[in-house]
Amino acid sequence: MSNEGVTAVERAMAVLDCFRLDADRLSLADFAARLPLHKTTIYRLLNSLVRTRYVVRHADGRYSLGPRVLYLGRVCERSFRLADVVVPQLRELSRLSGETASYYVASEGQRLCLFRIQPNEGMHDQLTAGSLLPFDGSATGQIFHVWVVGDRRIALPEDLPTHSSGLYHQFVTSWSGPVFGDQDAFAGALTLSGLAQRVEPNAARHRDLLMAHGRILSAALGASVSWCDTVYGEEA
């Protein structure tokens, strides 16, 4: 049986992939600038997506994602039981630190912010769950460089958590540590971030909180006690 796929379906998915957090309403010309397709083809694909409610056409002629996408997102969220383990720990880490707690996983050569909890008070950066970012020099990116790319070694646990400041936002600093699962395999990265002037004075406490919750998450996902001791240091 051939697995070549269906070109029309792949083109429709490419249309949906044009939407971004900073480009949630697009014109036909916007799609044409982003896709290697003729405007007529894009218009026909959009018509099909509108009929199936994956896209909404507005009075000004621009398009946005439709209610069917939201529904599928909710179905995915309900079936993705990792949230039952990770999100409570993010909430607790955010509550104790007063800062933003995030969980990242590898996705097609990038890091995907899978879950993110922000406090209700104070100023925070505006990255949202679902964002895709590169394996860069950020605290989180460093974790993926070590355990996914394998191009940098760190001495555990002395060099953890990793740290960065001002990479994406001038006044934001962050720490990140690895999370492991079954058979001690790398699962993702746990990151704590906030405004530098607010976070840095309590750096030692935030680092300790991050590592403690990294251990809890790893244990909950199936990592061995001996490996957790190696990564996070032995429990007092």
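Our subject is the structure that appears above.
Because the structure is a prediction, the values reported are computed rather than measured. (Residues numbered from 1 in each chain as written. Predicted model: local features only at pLDDT ≥ 70, side-chain atom pairs only at ≥ 80, totals over all residues. Heavy atoms only, no water.)

Go over unusual backbone geometry, please, and point to the residues and values.
Cis peptide bonds are those with omega within 30 degrees of zero, and the linkage from Leu160 to Pro161 qualifies with -5 degrees. We note that Glu108 has phi near 50 degrees; this positive angle belongs to a residue other than glycine. Here the phi dihedral of Gln183 falls at roughly 60 degrees; this positive angle occurs in a residue that is not glycine. With respect to the element layout, Gln183 can be found in the loop between β7 (172-180) and β8 (186-195). Among the residues examined, Gln183 registers a relative accessible area of 72% and is labelled exposed. (Helix = DSSP H or I, 4+ residues; strand = E, 2+ residues; numbered from the N terminus. Buried < 20%, exposed > 50% of the residue type's maximum accessible area, 1.4 Å probe, protein only.)

Quick rundown of helix α6 (residues 139-149)? Include the residues and the values.
What α6 keeps buried is the set Ala139, Thr140, Gly141, Gln142, Ile143, Phe144 and Val146. Downstream of α6 by one or two residues, Gly150 has phi in the positive range, about 75 degrees.

Got a sec to walk through the environment of Ala187? Specific residues and values, please.
Mapping Ala187 onto the fold places it in strand β8. Here the alpha-carbon distance between Ala187 and Pro88, two residues 99 residues apart in the chain, equals 17 Å. If sequence neighbours within four positions are ignored, Ala187 has contacts with Tyr103, Tyr104, Val105, Val179, Phe180, Gly181 and Leu221. (Contact = heavy atoms within 4.5 Å.)

Report on the nonpolar core, specifying residues and quantitative values.
Counting residues in hydrophobic clusters, the biggest one holds 20 residues, and the most contacted among them are Leu90, Leu93, Tyr103, Phe115 and Leu190. Counting residues per element, the ones that place at least two in this core are α5 (82-97), β3 (100-107), β4 (110-117), β7, β8 and α8 (203-220). When residues in this core are grouped by element, the largest group, five residues, is from α5. Setting aside chain neighbours within four positions, we find Leu190 in contact with Leu90, Leu93, Ser102, Trp175, Ser176, Gly177, Val179, Leu210, His213, Gly214 and Leu217. Counting residues in hydrophobic clusters, the runner-up holds 17 residues, among them Leu127, Phe135, Ile143 and Leu160. (Core = buried A, V, L, I, M, F, W, Y, C linked by side-chain atoms within 4.5 Å.)

Now, about the environment of Gly181: what can you tell me, with residues and values included?
Structurally, Gly181 is set in the loop between β7 and β8. On the basis of relative accessible area, Gly181 is assigned to the buried category, the value being 5%. Among all residues touching Gly181, those that are not within four sequence positions of it are Ala187, Leu221, Gly222 and Ala223.

So what about the pattern of salt bridges? Which residues, and what values?
Evaluation of the coordinates by the stated rule reveals five salt bridges. Residue Arg111 is joined to Asp136 by a salt bridge in which the shortest nitrogen-to-oxygen separation is 3.2 Å. With Arg111 in strand β4 and Asp136 in the loop between β5 (132-133) and α6, this residue pair connects regions lying 25 residues apart in the sequence. Linking Asp229 and Arg215 is a salt bridge whose minimum nitrogen-to-oxygen distance equals 2.9 Å. Residue Asp229 is located in helix α9 (residues 225-232), and its partner Arg215 is located in helix α8; the two are separated by 14 residues in the primary sequence. Accessibility expressed as a relative area gives 23% for Asp229, which makes it partly exposed. (Salt bridge = Lys/Arg side-chain N within 4 Å of Asp/Glu carboxyl O.)

So, the environment of Phe19: which residues are in play, and what are the values?
In this fold, Phe19 is placed in the loop between α1 (7-16) and α2 (28-34). The class of Phe19 is buried, set by a relative accessible area of 9%. Between the C-alpha atom of Phe19 and that of Phe31, which follows or precedes it by 12 residues, the distance is 9.1 Å. Residue contacts for Phe19: discarding those within four places in its chain leaves Asp24, Leu26, Phe31, Val55, Tyr63, Ser64 and Leu65.

Remember, this is a structural readout, not a statement about activity or role.
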